[in-house]
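Topology and contacts: notes
One letter stands for each residue in the lines below.
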Amino acid sequence: ITMRDAAGRRLALADANSQVRIETLDRLTGTQTVTLPGGGVVRTEYHLAGLVKDGRFNPAGLSGTLEIRTDSPVDVAPLGDFALPGRGLAGSANLDANFLFTGGKPDGTFMLAMSRFKAGSDANAKPVDFRLTATAGLQGDTVAGKLALEGNDLGRLSGTYNQTVPMPELTSERIISA
């Protein structure tokens with residue numbers, strides 16, 4: 001699989017594998033893996049139910065789990081060159097994200113650990129190690145949770161957030177057009 005942005009930059013993804021089990025239109029189970037440039041693997045696993053009610057798409061009934069994680073450190077340089085060209089990103093990243101859906105509402109945890117992270121072209125810049133953790137939950141139109149950032153030479157910063165975000169109507173047409 002090759003991704004290409006509007007400027008023509010390419011990012012090659014290798015060994016994409018997808019397995020989906022459709023027990024009924026209402027129950028989906030699956031895994032996806034893809035190897036990123038530099039060899040890191042991203043793995044997704046999901047067990048979802050309640051997407052269909054009386055033959056119609058029903059996002060409010062969604063229940064189940066979704067996990068996204070890396071199996072080992074991922075080289076951020078090729079990803080940075082594609083997503084943020086010219087920024088000189090370097091280092092490695094590990095990701096672990098878990099979401100629980102109940103009655104169409106997601107609750108999640110997220111962890112991003114960066115090792116020897118560096119940005120820019122300054123050869124004397126000291127790389128940093130840091131870890132960002134977050135929780136998120138949706139109640140009506142409000143997303144709320146906790147954030148923590150900690151690392152060598154960074155100390156620790158933590159806090160909470162609570163943001164009202166108008167949620168667009170989720171329809172099958174909107175999902176397909178995306």
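The coordinates are above.
Because the structure is predicted, anything quoted here is derived from the model rather than measured.

Criteria and thresholds
- Residues numbered from 1 in each chain as written.
- Predicted model: local features only at pLDDT ≥ 70, side-chain atom pairs only at ≥ 80, totals over all residues.
- Heavy atoms only, no water.
- Helix = DSSP H or I, 4+ residues; strand = E, 2+ residues; numbered from the N terminus.
- Buried < 20%, exposed > 50% of the residue type's maximum accessible area, 1.4 Å probe, protein only.
- Lys, Arg positive; Asp, Glu negative; His and termini not counted.
- Charge placed at Lys NZ, Arg CZ, Asp CG, Glu CD.
- 1 Å grid on protein atoms, 1.4 Å probe; cavity = no way out; pocket = protein on both sides within 12 Å on 5 of 7 lines; lining within 4 Å.
- Points joined across faces, edges and corners; volume = space filled by probe spheres on them.
- Nonpolar A, V, L, I, M, F, W, Y, C, P; charged D, E, K, R; others polar.
- Core = buried A, V, L, I, M, F, W, Y, C linked by side-chain atoms within 4.5 Å.
- Contact = heavy atoms within 4.5 Å.
- Salt bridge = Lys/Arg side-chain N within 4 Å of Asp/Glu carboxyl O.

We now examine the overall build of the protein chain. Counting its regular elements, the protein chain contains two helices and 14 strands. By residue count, 23% of the 178 residues in the protein chain fall in the buried class. Here the protein chain holds 18 positive side-chain charges and 19 negative ones, and the gap between their average locations is 2 Å.

The next subject is unusual backbone geometry. The backbone phi angle of aspartate 15 is positive, close to 50 degrees, even though this residue is not glycine. With respect to the secondary-structure elements, aspartate 15 resides in strand E3 (residues 14-24). Here aspartate 15 falls in the exposed class, since its relative accessible area comes to 61%. Residue arginine 116 is not a glycine yet carries a positive backbone phi of 50 degrees. Locating arginine 116 in the fold gives a position in strand E11 (residues 105-118). The class for arginine 116 is exposed, based on a relative accessible area of 57%.

Before going further, it helps to examine the layout of surface pockets. As a volume, the second largest pocket reaches approximately 380 Å³. Contributing to the lining of the second largest pocket are 22 residues, with Leu36, Val74, Val76, Leu79 and Gly80 lying nearest its centre. Residue contributions to the lining of the second largest pocket peak at five residues, all from helix H1 (residues 76-83). In the lining of the second largest pocket, the residues fall into 19 nonpolar, three polar and no charged.

The biggest cluster of nonpolar side chains holds seven residues, and these are Leu11, Leu13, Val34, Leu36, Val42, Val74 and Phe82. Once you skip the residues sitting within four places of it in the chain, leucine 36 turns out to touch Leu13, Val42, Val74 and Leu79.

As a further point, take the pattern of salt bridges. Applying the stated criterion across every chain yields a total of four salt bridges. The salt bridge involving aspartate 71 is made with arginine 43; its shortest N-O contact spans 2.5 Å. Within this pair, whereas aspartate 71 is found in the loop between strand E8 (63-70) and strand E9 (74-75), its partner arginine 43 is found in strand E5 (residues 41-49), the two being separated by 28 residues in sequence. By relative accessible area, which is 27% here, arginine 43 ends up partly exposed. A salt bridge links arginine 156 to glutamate 150; the nearest nitrogen and oxygen atoms lie 3.0 Å apart. Assessed through its relative accessible area of 54%, arginine 156 is described here as exposed.

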